[in-house]
Amino acid sequence: MSQEILLPKIDFSMTKAKFVEWLVDDGADVEEGELLYAIENEKAVEEVPAPSSGKLKQVAQPDEEYEVGKVLGYLE
């Protein structure tokens, strides 16, 4: 079963963020806690770890803005 990778709410006032880049290639195996992608909110660029282990399926595109809770990809 796939796990959704969702855009997290990093600070209290955050409602959306710019997706900066994937730090892992599409289709790669990742381990829980491994840095997976970077987002930019109004304060800084944050690198976000994988919520679990699995094979990455990317959905989000760099330089696009997404709302908190949006699906960025999947771990299968």
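Residues numbered from 1 in each chain as written. Predicted model: local features only at pLDDT ≥ 70, side-chain atom pairs only at ≥ 80, totals over all residues. Heavy atoms only, no water.

J.: Please give an account of the pairing of strand β4 (residues 35-40) that cites residues and values.
T.: Side chains on a regular strand alternate between the two faces of the sheet. Relative to β4, strand β2 (residues 16-22) is paired through four bridges, and the arrangement is antiparallel. Within the sheet, the bridge partner assigned to K18 lies in β4 and is E40. The pairing of β4 with strand β5 (residues 45-49) spans five bridges and is antiparallel. Paired with E40 across the strands is V45, a residue of β5. Hairpin connection of β4 to β5: four residues between the antiparallel strands. (Pairing = 2+ DSSP bridges. Helix = DSSP H or I, 4+ residues; strand = E, 2+ residues; numbered from the N terminus.)

J.: Can you lay out the sheet that holds strand β3 (residues 29-30) for me, pointing to particular residues and giving the numbers?
T.: The antiparallel open sheet is built from four strands, whose spatial order is β1-β8-β6-β3. Single-partner strands in this sheet number two, and they are β1 (3-6) and β3. Pairing of β1 with strand β8 (residues 71-75) involves four bridges; the strand directions are antiparallel. Bridge pairing in β8 places Q3 opposite L75.

J.: With reference to specific residues and values, describe the side chain of N41.
T.: For N41, the location among the structural elements is in the loop between β4 and β5. Of the polar contacts made by the side chain of N41, one reaches the backbone nitrogen of A44; its length is 3.0 Å. In this structure, N41 is in contact with I10, D11 and M14, ignoring residues within four places of it in sequence. (Polar contact = N/O pair within 3.5 Å; in protein donor to acceptor, adjacent residues only side chain to side chain. Contact = heavy atoms within 4.5 Å.)

J.: Provide a residue-level description of the environment of E47, including the pertinent values.
T.: Mapped onto the elements, E47 comes out in strand β5. Expressed as a C-alpha distance, the spacing of E47 and K18, which sit 29 residues apart in the sequence, is 12 Å. Sequence-distant contacts of E47, that is, excluding residues within four places in its chain, are made with L23, L35, Y37 and A38.

Such coordinate-based values are descriptive only and should not be taken to indicate function.
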